[in-house]
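# Residue-level structure breakdown
Each chain, letter by letter, is given below.
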Amino acid sequence: MKKTIVVRNMVMLATLLTSGTVVSGESSSGANLTGVNHTQKGISSFMVNDYRGQMGGYSCCIMLPDQWRPGLKVEVKWVSDPNPNEKLPPLGTDEYRTSYAKHAANYKNHSEVVDIPKYSQACDLVIHFLPCDQVKATAICSVYGREDYPIKEPLNMPEPKTCLR
């Protein structure tokens, strides 16, 4: 019984890891990795398949298959700050350290596996952070706000009173 569970868990883990990453023998290229925050929360940090991303800028690189395939997914992990505009005492003081520790205690860790929609060329992998702790991904050679960009949600969206998830 234990052997069956271990084998099943190993197969599930292998499927998850290969679904969003390059599979052996598959041609791939490096894509810039960036994030767009559509919420009023702060996004302190994020990672995609263990590659560190950057909010509002580009970090190099995450490997993506040159050819999109059905079922292509990535695992996004991020830390949100529910009160990013809180005023803290001057940096380097004991008062700052105490206040920051209280502030950081409210940070929340998140993780979600999301689909990468079909792409013809993956210049950038962009992760969009949405209200209700949802994320969307797109691999594209365009930038947010342009007419040809697929994700249209506005920036600075308020959190709804209730989330469906």
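Structure first, text after, so check above.
Below: a short report on this structure. Remember, it's a predicted structure, so these values are computed and weren't measured experimentally.

A few words on the side chain of Asp124. Tracing the sequence through the fold places Asp124 in strand E8 (residues 124-130). Buried and unpaired, Asp124 has Arg146 as its nearest opposite-charge partner, separated by 9.6 Å. What Asp124 contacts, discounting residues up to four positions off in sequence, is Ala31, Asn32, Tyr58, Thr138, Ala139, Ile140 and Ser142.

As a further point, take the sheet that holds strand E7 (residues 108-115). Pairing in this open sheet of four strands is antiparallel, and the strands run E3-E2-E6-E7 from one edge to the other. One side of each edge strand has no neighbouring strand; the edge strands of this open sheet are strand E3 (51-52) and E7. Sheet topology note: the strand E2 (residues 42-48)/strand E6 (residues 73-81) ladder contains six bridges and is antiparallel. Following the sheet pairing, Gly42 is matched in E6 by Asp81.

Of all hydrophobic cores here, the largest spans 21 residues; its most connected members are Val48, Leu64, Val76, Ile116, Leu125, Ile127 and Phe129. Elements with a contribution of two residues or more to this core: strand E1 (28-37), E2, strand E5 (59-65), E6, E8 and strand E9 (134-140). What Ile127 contacts, discounting residues up to four positions off in sequence, is Leu33, Thr34, Gly35, Val36, Phe46, Val48, Val76, Val135, Lys136 and Ala137. Val36, Ile140, Tyr149 and Ile151 belong to the second largest nonpolar core, which has five residues in total.

Another point: unusual backbone geometry. Looking along the chain, the bond that leaves Cys60 and enters Cys61 is cis, with omega of -5°. Mapping Cys61 onto the fold places it in strand E5. Of note in this structure, Asp50 is not a glycine but carries a positive phi near 70°. By secondary structure assignment, the location of Asp50 is in the loop between E2 and E3. Positive phi is not limited to glycine here, since Cys132 has a value of about 65°. Mapped onto the elements, Cys132 comes out in the loop between E8 and E9.

Turning next to the state of the cysteines. Here the structure, examined in full by the defined rule, presents three disulfides. There is a disulfide in this structure between Cys60 and Cys61, and the S-S distance comes to 1.6 Å. When the S-S torsion is -55°, as for the bridge of Cys60 with Cys61, the disulfide is left-handed. Classification of Cys61 by relative accessible area gives partly exposed; the value is 27%. Across the disulfide, Cys123 is cross-linked to Cys141 (sulfur-sulfur distance 1.7 Å). Its S-S torsion of approximately 80° makes the covalent link between Cys123 and Cys141 right-handed. Taken together, the positions of Cys123 in the loop between E7 and E8 and Cys141 in the segment after E9 put the pair 18 residues apart, joining distant regions of the chain. Cys123 gets classed as partly exposed once you look at its relative accessible area, which sits at 26%.

For the structure on display, the rule yields six salt bridges. In this structure, Asp133 engages Lys41 in a salt bridge whose closest nitrogen and oxygen atoms are separated by 2.9 Å. Placement of Asp133 in the loop between E8 and E9 and of Lys41 in the loop between E1 and E2 is noted, with a sequence separation of 92 residues between them. Linking Arg146 and Asp148 is a salt bridge whose minimum nitrogen-to-oxygen distance equals 3.5 Å.

Thresholds applied
- Residues numbered from 1 in each chain as written.
- Predicted model: local features only at pLDDT ≥ 70, side-chain atom pairs only at ≥ 80, totals over all residues.
- Heavy atoms only, no water.
- Helix = DSSP H or I, 4+ residues; strand = E, 2+ residues; numbered from the N terminus.
- Buried < 20%, exposed > 50% of the residue type's maximum accessible area, 1.4 Å probe, protein only.
- Lys, Arg positive; Asp, Glu negative; His and termini not counted.
- Salt bridge = Lys/Arg side-chain N within 4 Å of Asp/Glu carboxyl O.
- Contact = heavy atoms within 4.5 Å.
- Pairing = 2+ DSSP bridges.
- Core = buried A, V, L, I, M, F, W, Y, C linked by side-chain atoms within 4.5 Å.
- Disulfide = S-S within 2.5 Å.

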